[in-house]
Amino acid sequence: FEMDIFAFPDVFLRNLMRTMKIEDRMRLRLVCRAFEQLVAETHAGFFEAGVCSPFSMRTLIICIGDKTFTSVAKPVYNFSQFLQLKNRFFSGISFGTFGFKVCNFQRE
């Protein structure tokens, strides 16, 4: 018995995505392009708190709820690059509070 999950109505898929944990959304988007698009086009839900903070010139730390993500792929120098990264994982997200810390690091 095969089932095409994308045959379900769009509203069902969007509601399903809202119930998923952030780490599950990250894993799901790696399965195939159709899932990557579904993840990117859906709202991630509400979280009490979040923060985006550079740790060094090449490391960015993002905390969403109780989950922490660390990016070391390339330096993030501005807010627009952060927004591009966000758009790969969800179309929207709601926070009670959110902080974006900016630091000036000396180039090595």
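Residues numbered from 1 in each chain as written. Predicted model: local features only at pLDDT ≥ 70, side-chain atom pairs only at ≥ 80, totals over all residues. Heavy atoms only, no water.

1. Considerations on the pattern of salt bridges
Put simply, the test is: Definition used for salt bridges: Asp or Glu carboxyl oxygen within 4 Å of a side-chain nitrogen of Lys or Arg. In this text, helices come from DSSP runs of H or I with a minimum length of four residues, and strands from runs of E with a minimum of two, each type numbered from the N-terminal end. In this scheme, a residue with accessible area under 20% of its type's maximum is buried, one over 50% is exposed, and one in between is partly exposed, where area comes from a 1.4 Å probe on protein chains only.
This model, assessed by the stated rule, comprises three salt bridges. With its nearest N and O atoms 2.8 Å apart, the salt bridge here joins Arg14 to Asp10. Of this pair, Arg14 and Asp10 both sit in helix 1 (residues 10-18), separated by four residues, roughly a single helical turn. A residue is classified by how much of its surface remains accessible, and Asp10, at 45% relative accessible area, is partly exposed. Here Glu36 and Arg29 are joined by a salt bridge, their closest N and O atoms 2.8 Å apart.

2. Notes on the environment of Arg14
A relative accessible area of 32% places Arg14 in the partly exposed class. Taking the C-alpha atoms as reference, Arg14 lies 7.6 Å from His43; in sequence the two are 29 residues apart.

3. Side note on the confidence of the model for the protein chain
Put simply, the test is: Confidence of the predictor in every single residue is expressed as pLDDT, which spans 0 to 100.
Chain-level pLDDT for the protein chain is 78 on average; 81% of the residues reach the 70-or-more range. When pLDDT is averaged over each element of the protein chain, helix 3 (residues 33-40) comes out on top at 88 and helix 4 (residues 79-87) at the bottom at 70.

4. Considerations on the environment of Gly92
Rule in force here: The criterion used for residue contact is that any of the two residues' heavy atoms lie within 4.5 Å.
In this fold, Gly92 is placed in strand 4 (residues 92-100). For Gly92, a relative accessible area of 12% translates into the label buried. Sequence separation between Gly92 and Glu41 is 51 residues, and the spatial gap between their C-alpha atoms is 8.3 Å. Setting aside residues no more than four positions away along its own chain, Gly92 makes contact with Thr42, His43, Ala44 and Lys86.

5. So, the environment of Glu48
Within the element layout of this structure, Glu48 appears in strand 1 (residues 43-56). We classify Glu48 as exposed; its relative accessible area is 61%. Placed 16 residues apart in sequence, Glu48 and Ile64 show a C-alpha to C-alpha distance of 8.5 Å. For Glu48, the residues in contact, after removing those within four places along its chain, are Phe95, Gly96 and Thr97.

6. Let's talk about the packing of aromatic side chains
Remark: the centre distance and the inter-plane angle together describe each pair of aromatic rings, the angle taken between the planes. The condition that has to hold: Think of it this way: a Phe, Tyr or Trp ring, Trp meaning its six-membered ring, pairs with another when their centres are within 6.5 Å, and the plane angle makes it stacked under 30 degrees, edge-to-face over 60, tilted otherwise.
If you walk through the whole model with that rule in mind, you get four aromatic pairs. Ring geometry for Phe6 and Phe35: centres 5.0 Å apart, planes at 50°, overall tilted. You can see Phe6 sitting in the segment before helix 1 and its partner Phe35 sitting in helix 3, a full 29 residues away along the chain. Look at Phe35 and you get buried, because its relative accessible area is 15%. With 4.8 Å between their ring centres and 40° between their planes, Phe95 and Phe98 make a pair best called tilted. Using a relative accessible area of 35% as the deciding quantity, one classes Phe98 as partly exposed.

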